[in-house]
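Fold and contact review
Listed here are the chains, written in short residue letters.
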Amino acid sequence: MYKQNHTEINMLDGPIFSTMVRFAIPVLFSSIFQQLYNTMDTVIVGHTLGETALAAIGAATPAYDLLMGFALGIGSGLSIVTARSYGSKDEETLKKSVSGALVIGAVLTLVLTLATRIGLMPFLKLLNTPEDILQEAYEYSSCIMLFMGVTFAYNLCSGILRAVGDSVMPLIFLIISSVLNIVLDLWFIAGLGMGVRGAAVATVLAQAISVVLCVLYVLHSVRMLIPEKRHFRPDGKLYAEMLTQGGSMGLMNCLVYAGTAILQTGINDLGYLVIAGHTAARKLCSFSMMPLSAMIASVNTFVSQNFGAGKYDRIRKAMKAAYLYDAIVTVLITVAVYAFAPAMLRLISGSSEPVIIENGSLYLKVAAPAFFVLGLINDTRTALQAIGSKVLPLFSSIIELIGKILFVSLLVPHFQYLAVVFCEPVIWCFMAAELVIAFWMDPVVRGAGKK
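An account of the accompanying structure is given in this report. (Residues numbered from 1 in each chain as written. Predicted model: local features only at pLDDT ≥ 70, side-chain atom pairs only at ≥ 80, totals over all residues. Heavy atoms only, no water.)

**Observations concerning the overall build of the protein**
- A count of helices and strands for the protein gives 16 helices and zero strands.
- In the protein, which comprises 451 residues, the share counted as buried stands at 58%.
- Taking the intrachain contacts of the protein between residues at least 6 apart in sequence as the baseline, contacts between residues at least 24 apart amount to 83%.
- Element-wise, carbon and sulfur atoms account for 69% of the exposed surface of the protein, whose accessible area totals about 17500 Å². (Helix = DSSP H or I, 4+ residues; strand = E, 2+ residues; numbered from the N terminus. Buried < 20%, exposed > 50% of the residue type's maximum accessible area, 1.4 Å probe, protein only. Contact = heavy atoms within 4.5 Å. Areas by Shrake-Rupley, 256 points an atom, 1.4 Å probe, with all protein chains shown as cover.)

Here it is as structure tokens:
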């Protein structure tokens, strides 16, 4: 069918744990550099523009995450179909899945862009964003959302490459654009005085570079992924599968970020210092969770390819390997957080304000030990999607949404930030129970080789 490039990993044969880790490592570094987009915004804004501007970016984050989470969920769902086709060595379906992803992605980008132009400001007000940071929050998020197609295009391109086992080249492209993002951040914010809008413009331009590089690489070196004119003819069965897979993951992410947005409404009532501290802690939390997130991509590709190839026993072994990986990573992260949380918060926030440092440290120290449970959630949910389960993974997101509504309405008003700190770890336990039972009771998993 296709001769693998030296950057592609064979997931259909050979050892499992080492193969998954090898695939995950470039994804981890990709996540680090991708996170640098927003984190450098936070660091430079905090040090240059002050705590109010930092709080504005934090207040804008749920709106951005909600819409982008839906778009990226669609992209992940589409790449599952591509990986299955690759595993089954069906090149014709592979090309059709790429063409379908391009069409669906273009339509989705247009719809979401129009939606944000109309609903962004009302949504920020719905989140109880304080008046003194409302305009800056709108300026930052509106600029990024206007060009959300750039972010979606990169994640779609990198997702397709990872579907065929290549997690290295997306990393290389992202390193280049991340360095550019830092340079542009300093120039636009500190040099030209563009404020929070400068941070958003720098992010968009840097991401555009990564898209161009990724597309050029596919055109030159992975021509198997390039569809021809005939592949754009709609295939009803294939498009239905892609839409249900993508729609399921998109809705799942949407529910997750809706819960985050609801939780943010409770945080926004606690004052801008609490918002700033929570924003800095969440940025650090995002970095800390990256090793776990990298394994999600590995599970997605590994399980999808082996499901397409009919190698179900490897799927079960892969999940045990992923759980072991999650446990090791959680121990290492927890030790680092307990040793360095205050120093890291001062670095990322540019502030020594006690409220910011103390609240942020408390959040990190409670969340870190629960990362193992979060790893179980993300890996198991992804594996369920990859073996064709589109409904059961949604239940966990519904649990999360309902749980955050209950915390914000009943507990945050009485226990203040302490309720925010314990909200997610408690909810994660219920989500993990539902997902682990659903996966290991699935006929494919229980049969381990009998579909």
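That shown, we press on.
**Points about the environment of V329**
- As for its placement among the helices and strands, V329 is situated in helix α11 (residues 312-349).
- V329 gets classed as buried once you look at its relative accessible area, which sits at 10%.
- Expressed as a C-alpha distance, the spacing of V329 and P291, which sit 38 residues apart in the sequence, is 7.0 Å.
- Sequence-distant contacts of V329, defined by excluding residues within four places in its chain, comprise P291 and L292.

**What about the pattern of salt bridges?**
- Evaluated as defined, the whole model comprises eight salt bridges.
- Among the ionic pairs, D13 bridges to K311, the shortest N-O distance being 2.9 Å. Residue D13 is found in the segment before α1 (17-48), and its partner K311 is found in the loop between α10 (290-309) and α11; the two are separated by 298 residues along the sequence.
- A salt bridge links R316 to D313; the shortest N-O distance between them is 3.8 Å. One end of the pair is R316 and the other is D313, both in helix α11 and three residues apart, which spans about a single turn.
- Judged by relative accessible area, which is 28%, D313 ranks as partly exposed.
- Beyond isolated ion pairs, a larger network of salt bridges with shared partners links R282, E400, K404 and E424. (Salt bridge = Lys/Arg side-chain N within 4 Å of Asp/Glu carboxyl O.)

**Describing the packing of aromatic side chains**
- Applying the stated criterion across every chain yields a total of six aromatic pairs.
- Aromatic rings pair up to connect Y323, F439 and W440 into one cluster. (Phe/Tyr/Trp six-rings, centres within 6.5 Å; stacked < 30°, edge-to-face > 60°.)

**Looking at the packing of helix α12 (residues 354-367) against helix α15 (residues 417-440)**
- Remark: α12 packs on α15, axes separated minimally by 9 Å, with the N-to-C direction vectors making an angle of 15°. In this view, α12 runs roughly parallel relative to α15, as classed from their interaxial angle. Considering the relative orientation of α12 and α15, their crossing is right-handed. Where α12 abuts α15, its residues N359, L362, Y363, V366 and A367 lie against Y417, L418, V421, F422, E424, P425 and W428.
- Grouping the constituent residues of the contact of α12 with α15 by class yields 10 nonpolar, one polar and one charged. (Axes fitted to C-alpha atoms, helices over the stretch in contact; angles between N-to-C directions. Parallel < 35°, antiparallel > 145°, perpendicular 65-115°, else oblique. Left-handed = near helix turned anticlockwise from the far one by under 90°. Nonpolar A, V, L, I, M, F, W, Y, C, P; charged D, E, K, R; others polar.)

Just distances and angles here, no functional claims.
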